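So the chains spell out like this:
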Amino acid sequence: MKDYITIIGAGLAGCEAAYQIAKRGIKVKLYEMKPNKFSEAHTNKNFAEIVCSNSFKSNLLTNACGLLKEELRRLDSLLISVAGKTQVPAGQALAVDREKFSEEVTKRIKENKLIEIINEEVTNIEELAKQGIVIIATGPLTSGDLAKNISKITGQNGLYFYDAAAPIISKDSIDFNIAFYGDRYSQEKKKEESLKQWEERVKNQEQSYINLPMNEKEYEKFWEELVQAQVVTLHDFEKKEIFEGCMPIEIMAKRGKDTLRYGPLKPVGFDDPRTAKRPYAIVQLRQDNSNASMYNIVGFQTNLKFGEQKRVIQMIPGLENAEFIKYGVMHRNTYINSTILLDETYNMKNNSNIYFAGQITGVEGYVESISSGMIAGINAVEKFKKTSKKIIFSENTIIGALAKYISTPNNKFQPMNANFGILPDLEGKRIKDKKERYMKLANRSLESFK
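Now for a look at the structure at hand. (Residues numbered from 1 in each chain as written. Predicted model: local features only at pLDDT ≥ 70, side-chain atom pairs only at ≥ 80, totals over all residues. Heavy atoms only, no water.)

What to know about the pattern of salt bridges
Inspection of the entire model under this criterion finds 17 salt bridges. Where Glu126 meets Lys152, a salt bridge forms, and the shortest distance between an N and an O atom there is 3.6 Å. Note that Glu126 is positioned in helix H5 (residues 125–131) and Lys152 in helix H6 (residues 144–154), a separation of 26 residues in sequence. A relative accessible area of 26% places Glu126 in the partly exposed class. Residue Lys152 is classed as exposed on the basis of its relative accessible area, which comes to 58%. Note that Lys326 is salt-bridged to Glu364, the shortest N-O span being 3.3 Å. Placement of Lys326 in strand E14 (residues 324–326) and of Glu364 in the loop between strand E16 (354–356) and helix H14 (366–384) is noted, with a sequence separation of 38 residues between them. Comparing Lys326 with Glu364, the two get one shared label, buried. Taken together, the shared-partner salt bridges in this structure form one network comprising Glu70, Arg73 and Arg74. (Salt bridge = Lys/Arg side-chain N within 4 Å of Asp/Glu carboxyl O. Helix = DSSP H or I, 4+ residues; strand = E, 2+ residues; numbered from the N terminus. Buried < 20%, exposed > 50% of the residue type's maximum accessible area, 1.4 Å probe, protein only.)

Regarding the packing of aromatic side chains
Considering all chains together, one arrives at 9 aromatic pairs under this definition. Here a set of aromatic residues connected by ring pairs shows up, and it is made of Phe56, Phe101 and Tyr366. In this structure, Lys29 is placed above the aromatic ring of Tyr4, and the distance from its NZ or CZ to the ring centre is 4.5 Å. Positioned over the ring face of Tyr280 is Arg261, at 3.7 Å from the centre of the ring. (Phe/Tyr/Trp six-rings, centres within 6.5 Å; stacked < 30°, edge-to-face > 60°. Lys NZ or Arg CZ within 6 Å of the ring centre and 35° of its normal.)

Some words on helix H9 (residues 216–228)
For H9, built from 13 residues, the straight-helix expectation of 18 Å at 1.5 Å per residue is met to within 8% by its first-to-last C-alpha distance of 19 Å. Taken residue by residue, H9 has Tyr219, Phe222, Trp223, Leu226 and Val227 as its buried positions. Buried residues of H9, seen end-on, are gathered within an arc of 120° and therefore sit on one face of the element. More than 90 degrees from the buried face of H9, the exposed residues found are Lys217, Lys221 and Gln228. Buried positions along H9 lie against strand E11 (209–214), helix H11 (249–253), strand E12 (281–287) and helix H12 (306–313). For H9, the N-terminal cap is Asn215; the gap from its side-chain oxygen to the backbone nitrogen of Lys217 is 3.2 Å. (Expected span 1.5 Å × (residues − 1). Arc of directions from axis to C-beta. Contact = heavy atoms within 4.5 Å. Polar contact = N/O pair within 3.5 Å; in protein donor to acceptor, adjacent residues only side chain to side chain.)

Regarding the environment of Ser102
Checked against the element boundaries, Ser102 lands in helix H4 (residues 98–110). Taking the C-alpha atoms as reference, Ser102 lies 9.5 Å from Thr86; in sequence the two are 16 residues apart. Once residues lying within four places of it in the same chain are set aside, the contact partners of Ser102 are Asn44, Asn46, Phe47, Ala48, Glu49 and Ile50.

With respect to the environment of Thr334
By the secondary structure assignment, Thr334 is in strand E15 (residues 329–334). For Thr334, a relative accessible area of 0% puts it in the buried group. For the pair Thr334 and Gly139, spaced 195 residues apart in sequence, the C-alpha to C-alpha distance is 7.2 Å.

Structural notes on the sheet that holds strand E3 (residues 55–58)
Read from one edge to the other, the open sheet built from 3 strands follows the order E3-E5-E4, with strand pairing classed as antiparallel. This sheet does not close on itself; its edge strands, each paired only once, are E3 and strand E4 (87–88). (Pairing = 2+ DSSP bridges.)

Brief notes about the pairing of E11
Taken across its 6 residues, E11 has 5 buried, putting it largely inside the fold. Here strand E10 (residues 180–181) runs beside E11; their pairing, made up of 2 bridges, is antiparallel. Within E11, the position partnered with Phe180 by the bridge is Asn211.

Examining the sheet that holds strand E2 (residues 27–31)
With parallel pairing, the 5 strands of this open sheet are ordered in space as E6-E2-E1-E7-E16. Each edge of the open sheet is held by one strand with a lone partner, namely strand E6 (115–118) and E16. Along the sheet, successive strands turn relative to each other by an average axial angle of 20°, direction set aside. Bridging between E2 and E6 involves 4 bridges; their strand directions are parallel. The residue bridging Tyr31 from the neighbouring strand is Ile118, located in E6. Running over the sheet, H14 touches strand E1 (4–8), strand E7 (134–136) and E16 and is turned about 170° from E16. (Axes fitted to C-alpha atoms, helices over the stretch in contact; angles between N-to-C directions.)

Focus: helix H3 (residues 78–85)
Within H3 the residues assigned to the buried category are Leu78, Leu79, Ile80, Val82 and Ala83. Sitting at the amino-terminal end of H3 is Ser77, which places a side-chain oxygen 3.5 Å from the backbone nitrogen of Leu79.

Right, here's the structure in full:
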């Protein structure tokens, strides 16, 4: 075993992992291919480059990302500390001067005598892992040769995924005066079964789908707003590959007023319980987690701006007060199927010398990537010291809940950001007031840090 831990990638997760390891007295070899080679989206030679928004989201504890930042502050996160020092006015959010943020992170990493910087592109992880512990933190735009090697060691057929995720809604925010449970052909199935059999099956199985019927006027108003809504501008290298593989709902809608009614919003197989007639169109929501607190909107992969998604989707009857746990996205993203590959410490199940961190694991967002880097770094130290101990955070914390989410088998796995929907429910009667409920969840999380 070498007397150092190797980290590949000096992004948010890689730098946090390097800091946590060096802080514990262990040497680090940090590989970063910049400035010799850049990904299609990167231009800054410094570490921890922020490519998209400069916002680290809300600082409020009643916001899941705000709670996650507070958890990380209590664990001495380097990058959250630097973000605080380089922040710019943004109301209740933590936004940073992206240039100063990257410069300061780079400075702090380079001045640490236990961290050696190697400006090379790594293409063979297997050889490095034979010599010692490796943390792969190469992000959603992992270089081609390295991606092929990762695909080889993970045993997956192809690592590239072009992220086309539909929005995810909190079940509590759905209006069940309009919505109803059932699958597409439940009425037809009812004819083939006794009433008792049908009711039992609906009770036990069909709650995985929630349905939202629309009349002609409601549908046309929704369609008109959808085709006019503003979209996110993609990088040139993303456009061709994404749209050939998955059609955004707003592009589909532009092909004709009735296109959606013959596609994801087709009403065939349903009767509206309120009218006992087939609706003009129907939106389906599919259960997204084991305790049925989150539902994704079927067929609604989209490239709309987040504000536009909220505005247009809340026009759907039954979703007027929809609470978005995750907005739909459509961009190039590289991530592994962590649910079968990693444990809750981001360690590979079939090769304990290899850890993953950052968005390549399926956590989504700046702060979430920092969180994964911290956990991978702390646990790599335990592995290095041969303590046989794994540091696993409580699932009552956002840090722990994210780690559990990415490591729990799920055949519908998609990247996930910090949200209260992944935390276990509070004990006792459910609190209807959202802010009060979130504050209690935050207090429960922070209590575990004592």
